[in-house]
Amino acid sequence: MKNLFNSFIIFCSIAALNSCSTFHNSDKITYKETLSKGNYDWTTDHVHVGVRWQPFPGRPKNNAADATRPVISKDSSYAQFWINWQAAEPRIENTDYENNLSDYLKTIEKAVDVCIAKGLKVEFVHWHTPTWASTNGEGGSQRAKDGLYREFVMRIATYFKGRVHAYQLSHEANLEHMIKGGDINYLIEEIFIEGAKAIRKVYGDEPVLISTSGCSPCEACHPLRGLDGKGGAAVNDYYDKLIANKELMSLVDALNLNVTDHFDGYGNMDGNYLSSTWDNYDLVRDKLDAAGYYDKQILSSESWVVWDDGNNAFDVNGDGLKNEVDAYEKTLTILGKCLERGLNTVNLPWSDNSSAWSMGLTKRRDYNGRVKELNSDLVTSANDGGTDIITSKVILAGQDDTFKLMEPKHNVFTIDDYINPGDPNHLHYYIWKWYSQLSSGSDEVIRHATACEPKNHITVLGPAFTGVERYRISTFNRSKKSFTVLIYASAATGKIWTDLTIPARIQTGKYSNNGSSKIDFRGEGFADGAKFIATITTKNISKKDGSDLDKKVIKTNPEVVKDGKMKIRIPVLNKFTKIEFKLNSQ
């Protein structure tokens, strides 16, 4: 993702020229205040479907408008922020957060507080090094002087303690160009072990999730020094070396992987190791199991799906085009296969940006009308009656009311690439949104049953559950005391039935809810003899505009929990079906 990194540096350099005001006027939120909002401790048993949000320094109005969009304000349960050390502390003076907090961190802080106010969880991912901290005096993807990364993490964790709930210690650390001058020993000892120790020391008894780093799915890229082979072979060795380090594994809650359609998404890495993203999950899971680490989870690091016809896109449906329909189908498959396997977090970039690839769930909007004022050809009316849609990849260089338009150097999409130009969202947003029902916004949601797991199985039997692609995923909403099951069946016709059976309580799972988390959720749910009702929402999702097709909402008669199970008949099954189980209040 080298071009993305370069774009980000350009963006940060432009932003650094501007003074940055805040877009949220409240004082920072304390840990105790987050608890008073009905928040909860994030464990590896919790399920989160969210977004990667990168707010803009120098444009508080832009950030405020973005924060109100449904993808952040309603549909996500967590937000991931990339924390560029070079931008966070461009000068050594910026290590004094009380007196010289950088504009970059001020902007991040306000976005974090917006998420906290909405009840969302927050995760930080660290990358890059400032010039004053690097071993060679160059900023960016460089090795830091010994001990300085730990000090940076200590400062960040202390400042954001309680407001940030999870930390990933690095980004795509399997590649040489991400840590120039470093090697695998530096990564494990200085970044992972010392970084994890610093966060644990700061947080003390307060809960925090710590994970390592996802792996870039680049077969041709030079691997980090000390890794054997390249591409898939180097990724395989990377995970072996992490799992073999007992001190590291005692400090982290999870390892990470990239959830992506690029290279390993559809088999463009070395198939001896990685033939797909979900094979990457299986590879790591098998290694953890072999070492006896059933208590360690696998989390999503960077995740993306390319929606345009760029070089990194794939024509997965074989129609000769690379467009938003392919993104729809890629999102459906990748998220379905990973979530069903047991991945409990997933995020996608929330909006288009100026990177080399087009990966946003949503389109950028002309939030204050200035783009139309500067070039009316770059906007089109929005279907929802809100601010105009920006129709091309463009850089907004400057502050809210004075920015200028710059054309990115990378391949540029136009309105012709939009399948539905007036829709503020891209087509694959509607697939991501369907999966996001698992985590229900700010509600507390944990993993329930897992497909094909003995004694903890989601059983779907009947003629309607058919097709090449079929997924079953189940969660328990502790806030609403309800179970949610998502079923996808690619050949379902909406005309015939199937039966669904799930455990009525949280069972001991192989990975989730196995007693290893600080909170034991086992036994929660509905008791034998309790009456429940199920609301079935079954539909198809249009590949033209993301709208619901053939939607039916069916409520069952009250049924009784028997032998620890809930069983219902779904009279008709379309491709996309959500079932919500609640206790009968009558």
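In this text the structure is predicted, and so the values were computed from the model without any measurement.

A. Here's a closer look at the overall build of the protein chain. Secondary structure assignment for the protein chain yields 15 helices and 22 strands. Taking 25 Å as the expected radius of gyration for a compact globule of 586 residues, we find that the protein chain reaches 23 Å, a close match to that expectation. If one aligns the C-alpha atoms of the protein chain with their principal axes, the spans along those axes are about 65 × 60 × 50 Å. Out of the 586 residues belonging to the protein chain, those deemed buried represent 61%. Across the protein chain, the fraction of contacts at a sequence separation of at least 24, relative to all contacts at a separation of at least 6, is 74%.

B. Looking closely at the state of the cysteines. If you walk through the whole model with that rule in mind, you get one disulfide. Across the disulfide from Cys 218 sits Cys 221; the S-S distance is 2.0 Å. Residues Cys 218 and Cys 221 are joined by a disulfide whose S-S torsion is about 75°; by sign, that bridge is right-handed. Given the relative accessible area of 12%, Cys 218 is considered buried. The closest cysteine sulfur to the non-disulfide-bonded Cys 338 is located on Cys 215, 14 Å from its own sulfur. For Cys 338, a relative accessible area of 1% gives the class buried.

C. Structural detail: the layout of surface pockets. Put simply, the largest pocket is a space of about 550 Å³. Its residues placed into classes, the lining of the largest pocket shows four nonpolar, 11 polar and nine charged.

D. Layout of empty space enclosed by the protein. Within the structure shown, the criterion is met by five cavities of 30 Å³ or more. What the second largest cavity holds in volume is close to 160 Å³. Forming the walls of the second largest cavity are 17 residues, and the residues nearest its centre are Trp 127, His 128, Thr 129, Ser 170 and Ile 191. Contributing elements (two or more residues each) for the lining of the second largest cavity: β3 (121-127) and α9 (184-203). Taken together, the residues of the lining of the second largest cavity break down into nine nonpolar, eight polar and no charged.

E. Structural view of the confidence of the model for the protein chain. Mean pLDDT for the protein chain: 92, with 93% of residues reaching 70 or above. Under a pLDDT of 50 for its full length, residues 34-38 has, in the predicted model, seven contacts with residues more than four places off or in other chains.

F. The arrangement of the pairing of strand β13 (residues 445-450) in detail. For β13, the buried fraction is high: six of the six residues fall into the buried class. As paired elements, β13 and strand β15 (residues 470-477) share four bridges and run antiparallel to each other. Opposite Thr 450, over in β15, you have Ile 473 as the bridge partner.

G. How the structure looks around the packing of α9 against helix α10 (residues 231-244). Relative orientation of the contacting elements α9 and α10 amounts to 45°, with a least axis distance of 11 Å. For the element pair α9 / α10, the angle class is oblique. For the element pair α9 and α10, the recorded crossing hand is right-handed. When α9 is examined against α10, the residues Ile 184, Leu 187, Ile 188 and Phe 192 are found in contact with a partner set consisting of Tyr 238, Lys 241 and Leu 242.

H. Geometry of the pattern of salt bridges. Summed over the entire model, instances satisfying the criterion amount to 28 salt bridges. Across the salt bridge formed by Lys 480 and Asp 443, the nearest N and O atoms sit 3.6 Å from each other. One end of the pair, Lys 480, is in the loop between β15 and β16 (482-489); the other, Asp 443, is in the loop between α15 (429-436) and β13, with 37 residues separating them in the sequence. Look at Lys 480 and you get partly exposed, because its relative accessible area is 47%. On the basis of relative accessibility, which here comes to 16%, the residue Asp 443 falls in the buried class. It is possible to trace a salt-bridge network through shared partners that takes in Arg 150, Glu 194, Lys 197 and Glu 247.

I. Expanded view of the side chain of Thr 43. Among the structural elements, Thr 43 can be located in the loop between α2 (31-36) and β1 (48-52). Residue classification places Thr 43 among the buried residues on the basis of a relative accessible area of 8%. Excluding residues within four positions of it along the chain, Thr 43 makes contact with Leu 209, Ser 517, Ile 519 and Phe 521.

So, how was this worked out
- Residues numbered from 1 in each chain as written.
- Predicted model: local features only at pLDDT ≥ 70, side-chain atom pairs only at ≥ 80, totals over all residues.
- Heavy atoms only, no water.
- Helix = DSSP H or I, 4+ residues; strand = E, 2+ residues; numbered from the N terminus.
- Rg over C-alpha atoms; globule rule 2.2 N^0.38 Å.
- Buried < 20%, exposed > 50% of the residue type's maximum accessible area, 1.4 Å probe, protein only.
- Contact = heavy atoms within 4.5 Å.
- Disulfide = S-S within 2.5 Å.
- 1 Å grid on protein atoms, 1.4 Å probe; cavity = no way out; pocket = protein on both sides within 12 Å on 5 of 7 lines; lining within 4 Å.
- Points joined across faces, edges and corners; volume = space filled by probe spheres on them.
- Nonpolar A, V, L, I, M, F, W, Y, C, P; charged D, E, K, R; others polar.
- pLDDT = per-residue confidence, 0-100.
- Pairing = 2+ DSSP bridges.
- Axes fitted to C-alpha atoms, helices over the stretch in contact; angles between N-to-C directions.
- Parallel < 35°, antiparallel > 145°, perpendicular 65-115°, else oblique.
- Left-handed = near helix turned anticlockwise from the far one by under 90°.
- Salt bridge = Lys/Arg side-chain N within 4 Å of Asp/Glu carboxyl O.

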